[in-house]
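Here are the chains, one letter per residue:
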Amino acid sequence: MEQLIFELATPEPPSFANFLPGPNLEAVSALRSMATGDGAETGLVLWGPPGVGKSHLLKAAAVMAAGHRVSQLCADPEALPVDAPPGALILVDDVDRADAAAQGRLFTLYNTLKATGGALVATASVPPARMPLRDDVRTRLGWGLIHEVLPLADEDKPVALSTYARARGFELSDEVIAYLLAHGRRDMTSLLATLAALDRHSLAAKRPITTALLREWLQRGLGV
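These remarks concern the structure in this document. If you're wondering where the values come from, they're calculated on a predicted model, not measured in any experiment.

Here we look at the packing of aromatic side chains
Overall, the coordinates contain one aromatic pair when judged by the stated rule. Cation over ring: Arg-32 sits above Phe-16, and NZ or CZ is 5.0 Å from the ring centre.

This is the structure in structure tokens:
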């Protein structure tokens with residue numbers, strides 16, 4: 001059942017609109033400021049365990065940055081450029097996995113960004129002080145803002161899901177939320193993708209989202 005829900009609910013493109021910040025409001029605010037060019041800091045590090053939405057946030061920032069400043073999204077440290085135009089925003093995922101060559105580019109790039117009014121946003125599994133990188137690279141990453149990205153607590157998910165649904169223009173009953181939390185994946189990316197897919201199905205069927213509609217949707221996916 002969990003796998004079926006995941007397959008039926010194709011995730012939407014990452015954006016700030018489909019990321020529920022929960023305890024991460026300050027981190028999201030800092031990232032949005034970086035994306036629009038309003039941040040005063042050169043660096044921002046978002047760290048935390050897998051599944052909390054760090055990559056989602058990087059992609060959301062890249063989308064928001066369009067029209068505000070030159071930006072480049074790097075899926076891994078090996079994709080880091082050797083240089084960047086003045087005022088550029090560089091976003092790099094998993095910076096703590098940088099090899100020796102990538103660390104050299106990162107050191108030079110950070111200095112360039114600092115001198116030209118640019119910015120670097122990096123994600124990692126640990127804070128800069130614990131990254132297995134060169135001392136001078138860790139030091140530069142530690143100069144900027146550092147935010148731990150925390151998962152949304154299970155007890156906060158029902159309210160968060162209801163808030164997200166209302167923002168999209170529909171209501172969720174407690175029964176539907178309980179069913180989703182009991183039978184689907186519990187990470188917020190999968191839960192929000194499920195709600196978005198349910199919303200599309202509800203509109204197509206011209207029926208409100210209920211537990212009965214959800215079960216019928218799943219049965220159709222099973223081919224029964």
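Next comes the rest of the account.
Points about helix 8 (residues 188-205)
When the terminal C-alpha atoms of helix 8 are compared, their 25 Å separation across 18 residues agrees well with the 26 Å that a helix rising 1.5 Å per residue should span. Helix 8 sits mainly inside the fold: 13 of its 18 residues count as buried. Of the residues one or two after helix 8, Lys-206 is the one with positive phi, at around 55°.

Overview of the sheet that holds strand 5 (residues 145-148)
The strand order across the open sheet formed by five strands is 2-3-4-1-5, and the pairing between neighbours is parallel. Each end of this open sheet is capped by a strand with a single partner; those strands are strand 2 (71-74) and strand 5. The average undirected angle you get between the axes of adjacent strands in this sheet is 10°. For strand 1 (residues 43-47) and strand 4 (residues 119-124), the ladder comprises five bridges, and the chain directions are parallel. When the bridges of strand 4 are listed, Leu-46 appears paired with Thr-123. Where helix 2 (residues 25-36) meets the sheet, its contacts fall on strand 1, strand 3 (89-92), strand 4 and strand 5, and the angle it forms with strand 1 comes to roughly 140°. Its contacts with the sheet place helix 4 (residues 100-116) against strand 1, strand 3 and strand 4, and it is angled at close to 140° to strand 4.

Scoring rules and cut-offs
- Residues numbered from 1 in each chain as written.
- Predicted model: local features only at pLDDT ≥ 70, side-chain atom pairs only at ≥ 80, totals over all residues.
- Heavy atoms only, no water.
- Phe/Tyr/Trp six-rings, centres within 6.5 Å; stacked < 30°, edge-to-face > 60°.
- Lys NZ or Arg CZ within 6 Å of the ring centre and 35° of its normal.
- Helix = DSSP H or I, 4+ residues; strand = E, 2+ residues; numbered from the N terminus.
- Expected span 1.5 Å × (residues − 1).
- Buried < 20%, exposed > 50% of the residue type's maximum accessible area, 1.4 Å probe, protein only.
- Pairing = 2+ DSSP bridges.
- Axes fitted to C-alpha atoms, helices over the stretch in contact; angles between N-to-C directions.
- Contact = heavy atoms within 4.5 Å.

Interpretation note: all reported values are geometric properties and have no functional meaning in isolation.
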